[in-house]
Amino acid sequence: MVKPEKFIPTAIEEIKKAAGNEKVVVALSGGVDSSVCAALAARAIGDRLVPIYIDTGLMRKGETERIKTIFGDIRLQVVDAGDEFLAALAGITDPEEKRKAIGERFIRVFEREAKKSGATCLLQGTIYPDRIESEGGIKSHHNVGGMPLKMAFTKIIEPIRDLYKDEVREIAGALSLPPEIQHRMPFPGPGLAVRIIGEVTREKVEVIREANWIIEAEIVERYSPWQCFAALLGLGTGVKGDNRIHGWIVAIRAVNSRDGMTADPVDIPFAELMRIGSRITAEIPRVARVVYDVTPKPPATIEYE
Ligand code: XMP
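Residue numbers run consecutively from 1 along every chain, following the written order of its sequence. Local features are withheld for residues below a pLDDT of 70 in this predicted model, meaning they are given only at 70 or higher, and side-chain atom pairs are given and counted only at 80 or more; totals for whole chains, interfaces and linings count all residues. Heavy atoms throughout the structure, all of them, feed into the side-chain values; hydrogens and water do not.

Moving on to the pattern of salt bridges. Here a salt bridge means any side-chain nitrogen of Lys or Arg lying within 4 Å of a carboxyl oxygen belonging to Asp or Glu. Enumeration over the complete set of coordinates arrives at 27 salt bridges. Between Glu210 and Lys61 there is a salt bridge, and its shortest N-O distance comes to 3.1 Å. With Glu210 in helix H10 (residues 202-223) and Lys61 in the loop between strand E2 (49-55) and helix H3 (63-71), this pair connects stretches of sequence that are 149 residues apart. Under the relative-accessibility criterion, Glu210 is labelled partly exposed at 31%. In this structure, Arg222 engages Glu218 in a salt bridge whose closest nitrogen and oxygen atoms are separated by 2.9 Å. Remark: Glu218 and Arg222 occur in helix H10; sequence separation between them is four residues, near one turn of the helix. Its relative accessible area of 5% is what places Glu218 among the buried residues. Residues participating in the shared-partner salt-bridge network are Glu218, Arg222, Glu272, Arg275, Arg279 and Glu283. Put simply, DSSP marks the helices as runs of H or I at least four residues long and the strands as runs of E at least two long, and each gets a number from the N terminus on. Between buried and exposed lies partly exposed: a residue is buried under 20% and exposed over 50% of the maximum accessible area for its type, with that area taken using a 1.4 Å probe on protein chains only.

Given below as structure tokens:
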């Protein structure tokens, strides 16, 4: 296990040396890896760090505001690119095409913003398992577009490249990052888009964001799952009031896992599931039906696309 009191000063020195007098840009996602990198770099090079947060419009409810608050004092640049991402996703139904469109758009927006800042170095929160998995080709789809990003900069700085996730969390604590960052559930780069079956539209994103908010509020603290979220499966018939409606079908996904490679559904009591389902259909008028996903990984993946 890494020792924070040794690791932190060494990493700060490494960043200082690598950056020289140049500006360094980092894409902050709010995840623990990029947050730790940004916190280390802020200590190393102060104002020469350019932290950029791209709001893809595919983030969870309140996420952008939370990140603005947490990183306000390192002058976080927030790029509101929601419309751009929705436009890039219009008409796309194939899961791989969706991931590709999001990855490409992300790189375009990031490079555009990075160029404006005059930064020549890129700071990346690559950790040890990322390197192993991308070398082995297992998670290539999780790193869409990693290459073009690298090519636009003269230097890449990866201060946590030898750490495991639990070590990164430990460093986050030692750097006094808030608990919601230190213990944040995994959230995929393509965001809510991989939790929507078929085309991503503004309405679907709005519905899934609200459902996800309720599910996290009901499940995270009570069951401490490795990951839980809402997915949007499609339309189904329902009755609300005196009317038959064609409403959205929401799936609740809650799993326990060690590393995301395999996973088991969380054993939530049936009465609790019914209560959460009722809350979702009551609070989101456009939802007609709620189901609980009982499938382990394998054969299902954790995300839906
Ligand atoms: P799957 O769905 O493949 O997911 O069982 C395993 C774990 O990886 C996360 N995941 C992603 N993380 N970019 C990411 O950074 C992605 O494109 C991506 N897709 C899946 C997923 O949330 C789960 O924790």
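Residues Val25, Ile54, Val200, Ile219 and Ile280 are the most contacted members of the largest nonpolar core, which totals 47 residues. Every element with two or more residues in this core is listed here: E2, helix H4 (82-89), helix H5 (95-117), H10, strand E6 (227-240), strand E7 (243-256), helix H11 (270-283) and strand E9 (287-292). Sorting elements by how many residues they give to this core places H10 first, with seven residues. Working definition of a nonpolar core: buried Ala, Val, Leu, Ile, Met, Phe, Trp, Tyr and Cys residues. They are joined through side-chain atoms within 4.5 Å. Counting 39 residues, the second largest nonpolar core, distinct from the first, contains Ile15, Val24, Val36 and Ile181.

Once that is clear, we can look at the side chain of Arg184. Tracing the sequence through the fold places Arg184 in the loop between helix H9 (179-182) and H10. Throughout this description, a polar contact denotes any pair of N or O atoms lying within 3.5 Å of each other; where both atoms belong to protein, one of them has to be capable of donating a hydrogen while the other can accept it, and for residues adjacent in sequence the pair is counted only when both atoms sit in side chains. A polar contact is formed between the side chain of Arg184 and the side chain of Glu63, at a distance of 2.8 Å. In this analysis, two residues are considered to be in contact whenever any of their non-hydrogen atoms come within 4.5 Å of each other. If sequence neighbours within four positions are ignored, Arg184 has contacts with Ser29, Gly30, Gly31, Arg60, Glu63, Arg169 and Pro179.

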